[in-house]
Structure formats: C-alpha cells, structure tokens
Amino acid sequence: MTGKAKPKKHTAKEIAAKVDAATTSRGGGKAGLSDRSGVEKGGHAKLECPLCKTTAPDVKSMQIHHDARHPKIPFDESKLNNLHTAGPATSDPNKPKPGVRGSLKK
Ligand SMILES: [Zn+2]
C-alpha cells in the first residue's frame, strides 16, 4: 500500500449530496404545500380530485385543495380517485417506489 494515497472517506459527490440534503427544501411548512399537494410535480400523488383532476399525496392535502378550490361542494373522501390502487402496476410489491427527491442533476 506504500506510495498510494489513502482513499478519502468522503468523496466530493457525497459532500455535495449532504449539502444538497441540508439546503434543499424537502417540502415542509407552507412553502412546500404545493409540492406536497402534487400540483406541480404529480409524481407522488396518490389521490386525484374528481372535479378538476388535481392530485394530492393524501386525503388531508386533498381536503385542503378541495376547501380552497371547491368550497361550495361538500368534501367527499369516497369520491376521490385513488391512483395507487387503480392500476395493475401498483400491485407489484417488487416495484421500487419512487423517491421523494428529484434528479440529482442540476
Ligand atoms: Zn379539485
């Protein structure tokens, strides 16, 4: 092993990923509301609004959407389209779940 440089414990890529994880919004608080509701990305969405096809990751988010967009219509959870149980692809337990974060490339 003489003459060879020791391998660094942390590569530049690892550090960059840690910095990214520490500085990138993960969708908390009000700022991330649109992220969580799936309006912008749509990737994680589980539920779909039957009225305007807007998607949300959970019932709570959908209710927030519903109260904001369709205040005159009573919120009915049973009328929501559940995208996770709709397709045959979701029944495969070996199928990797999509990650929360997007591409690492900037
Ligand atoms: Zn809607």
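Residues numbered from 1 in each chain as written. Predicted model: local features only at pLDDT ≥ 70, side-chain atom pairs only at ≥ 80, totals over all residues.

As a further point, take the overall build of the chain. A tally of helices and strands in the chain yields 4 helices and 3 strands. Helices and strands appear in the chain in the N-to-C order α-α-β-β-α-β-α. By sequence separation, contacts in the chain at least 24 residues apart represent 33% of the contacts at least 6 residues apart. (Helix = DSSP H or I, 4+ residues; strand = E, 2+ residues; numbered from the N terminus. Contact = placed C-beta atoms within 7 Å.)

As a further point, take the sheet that holds strand E2 (residues 55–56). Two pairing modes exist for strands in a sheet, parallel and antiparallel, and in both the strands are linked by backbone hydrogen bonds. What the 3 strands build is an open sheet, ordered E2-E1-E3; its pairing is antiparallel. Each edge of the open sheet is held by one strand with a lone partner, namely E2 and strand E3 (81–82). As paired strands, strand E1 (residues 47–48) and E2 are joined by 2 bridges and run antiparallel to one another. Pairing of Leu47 across the sheet is with Ala56, part of E2. (Pairing = 2+ DSSP bridges.)

Averaged over all residues, the pLDDT of the chain equals 76, while 61% of them reach at least 70. No element of the chain has a lower mean pLDDT than helix H2 (residues 33–37), at 55, and none a higher one than helix H3 (residues 59–69), at 96. (pLDDT = per-residue confidence, 0-100.)

Topologically, His65 is positioned in helix H3. Between the alpha carbons of His65 and Phe75 there is a distance of 9.9 Å; along the sequence they are 10 residues apart.

Moving on, we come to the environment of His70. Inspection of the secondary structure puts His70 in the loop between H3 and E3. Separated by 18 residues in sequence, His70 and Cys52 have C-alpha atoms that sit 9.4 Å apart.

With that settled, the discussion passes to H3. Since the α-helix advances by 3.6 residues per turn, residues separated by three or four positions end up pointing in the same direction. Along H3, the residues that are buried comprise Ser61, Met62, His65 and His66. Looking down the long axis of H3, one finds its buried residues gathered within 140° of arc, a one-sided arrangement. Among the exposed residues of H3, those pointing more than 90 degrees away from its buried face are Lys60, Asp67 and Ala68. (Buried ≥ 20, exposed ≤ 12 C-beta atoms within 10 Å, placed from the backbone. Arc of directions from axis to C-beta.)

All right, on to unusual backbone geometry then. Notably, Lys53 is not glycine yet its phi reads approximately 65°, a positive angle. Tracing the sequence through the fold places Lys53 in the loop between E1 and E2. Residue class for Lys53 comes out exposed when judged on the 8 C-beta atoms lying within 10 Å of it.

Counting residues in hydrophobic clusters, the biggest one holds 5 residues: Ala45, Leu47, Ala56, Met62 and Leu80. Dropping the residues within four chain positions of it, Leu47 is found in contact with Thr55, Ala56, Asp58, Val59, Met62, Leu80, Asn81, Asn82 and Leu83. (Core = buried A, V, L, I, M, F, W, Y, C linked by C-beta atoms within 7 Å.)

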